[in-house]
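Chain residues, written in single-letter form:
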Amino acid sequence: MIWVVAIAFGTVIAAGTYLALSRDALRCVIGVAMLGSGVNLLVFASGRLQSHIPAIVPATQTQLTLAANPLPQALVLTAIVISFALLCFSLVLAARIVLERGDADLEELRFAEPHAPEGYKPSVEESQ
Amino acid sequence: MMWPLAPMLVPLATALLCVLTQSTPRRQQMISVVGATVLLITSTLLFLEVQQVGALRVVLGHWPLPFGIEFVADVLGTALALVAALMLNVTVLWQWSDADAAPSSPTLHPLLHGLVAGVCGAFMTADLFNLYVWFEVALMCALGLLAHGGGLHQLDAALKYFVLNVIGTMLFLVAVALIYAATGHLNFSALGDAMARLDAAVALPLYGLLLFALLAKAAAFPLYAWLPASYHTLPPPVLALFSALLAKVGIYAILRLFGNVFTPAPALLYDALGWIAVLSMIAGVLGAAYHWDMRRILAFHSISQIGYILLAIAMASRTGDTAAIFFTLHHSLVKASLILVAALVFRYTGHYDLRRCGGLYASRPWLGVAFLLLALSLVGIPPFSGFWGKYLIVREALSQGAYLWTACALLVSVVTLYSMMKIWLEAFWKPHPDPAWRAPEHVRLAPAWVGVSGLALVVLSIGVAPEALIGFADAAAGALRGDVP
Amino acid sequence: MTSRPLLAEVFVRGLYIVLLVASIWVLLRGHNAPGGGFIGGLLAVAASAAYALTFNATSALQRLPLRPAALAAIGVLLSAASGVPALWSDLPFLTHLWVELPLGIADLPLSTVMVFDFGVYLCVWGALGGYCLGLLRALEEAP
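Residues numbered from 1 in each chain as written. Chains lettered and ligands numbered in written order. Predicted model: local features only at pLDDT ≥ 70, side-chain atom pairs only at ≥ 80, totals over all residues. Heavy atoms only, no water.

A. Region of the structure containing the overall build of chain A. Broken down by element type, chain A carries 3 helices and 0 strands. In sequence order, chain A lays out its α and β elements as α-α-α. The 128 residues of chain A split such that 32% are buried. Of the contacts formed within chain A by residues at least 6 apart in sequence, a portion of 51% connects residues at least 24 apart. When the accessible area of chain A is evaluated, it comes to approximately 7600 Å², of which 65% is carbon and sulfur surface. (Helix = DSSP H or I, 4+ residues; strand = E, 2+ residues; numbered from the N terminus. Buried < 20%, exposed > 50% of the residue type's maximum accessible area, 1.4 Å probe, protein only. Contact = heavy atoms within 4.5 Å. Areas by Shrake-Rupley, 256 points an atom, 1.4 Å probe, with all protein chains shown as cover.)

Here it is as structure tokens:
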């Protein structure tokens with residue numbers, strides 16, 4: 001079981017890295033989100049993988065037997081919510097950039113740090 | 001019983017109330033000011049109480065300790081929370097003035113308070129995963145603040161900030177997951193013992209990954225690109241808040257984990273940290289010497305000053321920690337007030353670019369005096385506060401025989417002096433390049449002036465009487481190292 | 001002239017109610033079985049999204065009990081407030097308490113966890129619903 005998770009982790013991280021290095025803004029953002037999913041998988045696996053029942057006490061019992069470690073599940077739920085929120089934010093961000101410029105090329109995205117016009121001196125930046 | 005949680009809960013509650021009053025800007029601003037004031041009062045009281053009685057601990061939810069979520073308000077954490085509260089007050093105060101030309105937006109105040117809640121949470125938590133959560137709270141609010149202007153350069157900055165920072169936090173989460181898998185603990189005190197028992201071959205990569213991730217958050221040498229790419233697109237009061245707090249959270253986490261929780265960590269880590277520190281200093285100061293936009297100069301200086309703090313941490317001694325704490329507190333205040341001065345320069349000359357402004361010493365001499373005092377504090381000319389910070393670092397580095405690092409630190413100071421003098425000569429001394437330019441007359445800048453001069457006075461008093469802060473930093477470092485005198 | 005999806009409109013009007021009831025059921029069930037505030041909130045968001053897709057985002061926003069941001073903020077405040085009763089019994093913040101309310105026929109179990117979960121539900125509905133509907137509205141207004 002751990003090998004399946006390990007291979008899945010590697011694959012997702014590789015795919016996420018490939019996409020995150022892309023020049024296309026939307027691909028880059030989706031790649032970062034995939035990296036997040038891969039990391040969540042790792043957090044989940046950090047509590048050891050066994051086919052145990054969920055850590056909820058049945059109504060008739062007072063003690064847990066053969067239960068999975070609930071802590072990594074709580075951690076991964078938190079991490080999933082956080083990465084989901086970041087994905088929501090970044091998708092809107094990338095979409096707005098693409099809509100306003102009509103172009104998704106990140107290499108040409110130099111509004112915050114414009115190219116130096118004379119090659120070596122920083123450009124005179126517009127106020128605001 | 002909930003008292004030590006106040007630095008997080010007060011800004012969190014304020015942020016939520018500000019969301020609820022988004023439709024009535026006046027009421028929202030009122031709530032924001034009241035919330036910031038309450039935060040300042042409570043964090044001052046907490047700071048004083050912790051000085052008296054020592055660290056206060058709260059375990060949430062009545063769970064027994066290695067499993068419960070613990071918050072610790074100790075000397076270092078409450079001091080940094082106090083700085084955060086102070087900076088929040090200055091930022092909110094600036095919103096009353098016309099120094100920030102950008103129109104106010106209904107999401108600004110909730111995000112500001114949310115950011116401070118995240119930062120203070122990171123200063124108070126005693127749990128590795130919680131540290132990640134508070135990092136993310138601060139990160140999300142920071143992203144919102146970066147993007148909320150909506151200009152294309154702001155969106156560009158926000159995207160770059162997002163990608164680089166999120167990769168940093170993901171690395172941190174990977175480190176947290178691996179550490180949990182290896183030790184089964186997340187609570188700081190349990191973790192310290194568990195990691196010490198771990199096989200060195202397993203522990204070293206974990207420490208390395210954790211340090212690398214935190215260095216990305218702290219904007220240290222190879223991973224600093226997000227800071228100068230984004231900071232200058234922010235409105236000035238928010239920029240002051242960012243440069244006083246955000247990278248400091250990373251610094252604090254390094255100091256907490258590698259100066260307190262994981263001591264003694266392998267010596268190799270501290271050596272690597274020393275080199276990274278020196279490279280950050282050099283890279284930051286060269287970037288600052290190259291640029292002409294005041295905000296970008298100051299952003300690059302942040303990287304080089306972070307190098308000094310990391311160098312102090314790399315000394316791995318109580319004196320080194322003292323220097324790091326002193327320098328962190330000093331730098332937060334000095335950098336924030338320099339940025340506010342730059343914002344006033346912009347208001348009076350119309351430009352942030354030094355080639356387009358000038359003539360300020362003739363028309364606004366007091367602004368020139370304030371800038372000069374703060375700039376000399378940043379550079380470290382005696383008797384200003386930066387001198388004492390650098391003196392502590394250099395003395396400790398020399399006593400440990402790190403001559404090369406010391407030489408680099410001193411050299412970087414000279415270049416820092418050069419780039420500060422560049423601002424002074426260009427913005428204040430030379431005449432304004434456009435002879436027809438007149439500073440705007442009818443602007444309400446009094447609250448901005450109160451903020452700047454208040455901060456400048458704090459900085460000056462640190463310089464004139466450093467014993468108090470050095471003594472305090474020494475006590476905090478002693479508490480970190482566990483050898484309380 | 002745009003064509004109205006008449007069948008979908010009739011269907012979704014009922015589905016909206018059904019999804020909201022189901023979300024409340026999942027929310028309450030989550031106390032002792034899989035479910036809870038987060039999943040319940042997601043179901044409620046699904047209801048709002050279905051409504052917005054068939055009608056339009058503005059009318060779906062009007063069907064929310066409050067402004068989305070206010071809904072989310074009240075949710076977080078409610079969740080935080082659920083930790084406060086523990087302080088009166090001298091227990092740490094966020095310690096949860098359970099009581100059985102006798103109603104004559106049967107006992108009604110109540111707990112502060114329910115309040116916490118309801119806060120999460122409102123927060124998810126407000127934040128995610130607001131995000132989703134805001135995005136749909138931006139798409140509708142785009143030329």
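Read on, since the account is not over.
B. Region of the structure containing the overall build of chain B. If you tally the helices and strands in chain B, you get 19 helices and 2 strands. The C-alpha atoms of chain B give 21 Å as radius of gyration, which agrees with the globular expectation for 485 residues (23 Å, within 12%). For chain B, the spread of C-alpha atoms along the principal axes amounts to about 70 × 55 × 40 Å. Split into buried and exposed, the 485 residues of chain B put 65% on the buried side. The contacts in chain B between residues at least 6 apart in sequence include a share of 81% that link residues at least 24 apart. On chain B, roughly 15900 Å² of surface is accessible, and the fraction owed to carbon and sulfur atoms is 71%. Counting 23 positive and 21 negative side-chain charges, chain B places the centres of these two groups 9 Å from one another. (Rg over C-alpha atoms; globule rule 2.2 N^0.38 Å. Lys, Arg positive; Asp, Glu negative; His and termini not counted. Charge placed at Lys NZ, Arg CZ, Asp CG, Glu CD.)

C. Focus on the layout of surface pockets. Of the pockets and cavities examined, the second largest pocket occupies roughly 530 Å³. Those elements giving two or more residues to the lining of the second largest pocket turn out to be α1 (2-20) and α2 (25-45) of chain A together with α6 (152-183) and α9 (226-230) of chain B. Here the lining of the second largest pocket gets 5 residues from one element, more than from any other, and that element is α6 of chain B. Split into classes, the residues belonging to the lining of the second largest pocket amount to 13 nonpolar, 2 polar and 5 charged. (1 Å grid on protein atoms, 1.4 Å probe; cavity = no way out; pocket = protein on both sides within 12 Å on 5 of 7 lines; lining within 4 Å. Points joined across faces, edges and corners; volume = space filled by probe spheres on them. Nonpolar A, V, L, I, M, F, W, Y, C, P; charged D, E, K, R; others polar.)

D. Spatial organisation of the packing of helix α1 (residues 6-20) of chain B against helix α4 (residues 108-124) of chain B. Residues and elements named next belong to chain B. Two elements in contact, α1 and α4, have axes separated by 8 Å at closest approach and are oriented at 160 degrees. Here α1 is positioned roughly antiparallel relative to α4, judged by the angle of their axes. As for the relative orientation of α1 and α4, their crossing is left-handed in sense. Counting all contacts with α1, which are made through P7, M8, P11, L12, T14, A15, C18 and V19, the residues of α4 involved are H109, P110, H113, G114, V116, A117, C120, G121 and M124. For the contact of α1 with α4, a count of residues per class yields 12 nonpolar, 5 polar and no charged. (Axes fitted to C-alpha atoms, helices over the stretch in contact; angles between N-to-C directions. Parallel < 35°, antiparallel > 145°, perpendicular 65-115°, else oblique. Left-handed = near helix turned anticlockwise from the far one by under 90°.)

E. Summary view of empty space enclosed by the protein. With the rule as written, the count across this model stands at 5 cavities of 30 Å³ or more. Quantified by volume, the largest cavity comes out at close to 90 Å³. Lining the largest cavity, in full, are F135, A138, L139, Y161, N165, K217, W226, L246, V249 and G250 of chain B. Looking at the lining of the largest cavity, the elements with two or more residues in it are α5 (128-147), α6 and α10 (236-261) of chain B. Class assignment of the residues belonging to the lining of the largest cavity gives a composition of 7 nonpolar, 2 polar and 1 charged. Taken as a whole, the second largest cavity spans an internal volume of roughly 60 Å³. Residue lining of the second largest cavity: G36, N40, A79, I82, S83 and L86 of chain A together with Y132, E136, V166, T169, M170 and L173 of chain B, and that is the complete set. Put simply, the parts of the chain that give the lining of the second largest cavity at least two residues each are α2 and α3 (70-101) of chain A together with α5 and α6 of chain B.

F. Broad picture of the environment of G284 of chain B. Residue and element names in this part refer to chain B. Mapped onto the secondary structure, G284 falls in helix α11 (residues 267-290). The spatial distance from the C-alpha of G284 to the C-alpha of V412 is 9.2 Å, given a sequence separation of 128 residues. Residues within four places of G284 in sequence aside, it is in contact with F300, I303 and S304.

G. Inspection of the interface of chain A and chain B at higher detail. Opposite the 43 residues of chain A that make contact, chain B presents 46 residues. Note on chain A versus chain B: buried area summed over both sides is about 4000 Å², and carbon and sulfur give 72% of it. Here chain A is connected to chain B by 6 residue pairs in polar contact (both at pLDDT 80 or more). Of all the elements in the fold, those that place two or more residues in the side of chain A that touches chain B are α2 and α3 of chain A. Among the elements that line the side of chain A that touches chain B, the one with the most residues is α3 of chain A, at 15 residues. Residue composition of the side of chain A that touches chain B, grouped by class: 25 nonpolar, 10 polar and 8 charged. (Buried area = accessible area lost by both parts, 1.4 Å probe. Polar contact = N/O pair within 3.5 Å; in protein donor to acceptor, adjacent residues only side chain to side chain.)

H. Structural context of the pattern of salt bridges. Residues and elements named next belong to chain B. Within this structure, the stated rule accounts for 12 salt bridges over all chains. The salt bridge involving E70 is made with R57; its shortest N-O contact spans 2.8 Å. Remark: R57 occurs in strand β1 (residues 56-60) and E70 occurs in strand β2 (residues 69-73); sequence separation between them is 13 residues. Classification of E70 by relative accessible area gives buried; the value is 2%. Among the salt bridges present, the one from R256 reaches D74, with a minimum N-O distance of 2.8 Å. (Salt bridge = Lys/Arg side-chain N within 4 Å of Asp/Glu carboxyl O.)

I. The pairing of β2 of chain B, seen in detail. Residues and elements named next belong to chain B. The buried fraction of β2 amounts to 4 of the 5 residues, a majority that puts the element mostly inside the structure. Two strands pair when backbone bridges link them, and β1 and β2 are joined in this way by 5 bridges, in the antiparallel orientation. Note that in β2 the partner of L56 across the bridge is A73. (Pairing = 2+ DSSP bridges.)

J. Representation of the side chain of N187 of chain B. Relative to the helices and strands, N187 of chain B resides in the loop between α6 and α7 (188-197). For N187 of chain B, the residues in contact, after removing those within four places along its chain, are L65, P66, G68, E70, A126 and D127 of chain B.

K. Representation of unusual backbone geometry. Residue and element names in this part refer to chain B. Cis geometry marks the peptide bond from P382 to P383; its omega dihedral reads 5 degrees. Its location among the elements puts P383 in the loop between α15 (365-379) and α16 (385-399). Its identity is not glycine, yet A219 carries a phi of approximately 60 degrees, on the positive side. Secondary-structure assignment places A219 in the loop between α8 (200-217) and α9. Here A316, not a glycine, exhibits a phi torsion of approximately 55 degrees, which is positive. Mapped onto the elements of the fold, A316 is located in the loop between α12 (294-314) and α13 (318-349).

L. Main features of the interface of chain B and chain C. Of the residues lining the interface, 12 residues belong to chain B; the matching set on chain C comes to 14 residues. The tally of links between chain B and chain C comes to 0 salt bridges. Taken together, the connections running from chain B to chain C amount to 2 residue pairs in polar contact (both at pLDDT 80 or more). Sorting the residues of the side of chain B that touches chain C by element identifies α1 and β1 of chain B as the ones contributing at least two each. Examining the composition of the side of chain B that touches chain C, we find that 4 residues originate from one element, α1 of chain B, more than from any other. Residues belonging to the side of chain B that touches chain C are distributed by class as follows: 9 nonpolar, 3 polar and no charged.

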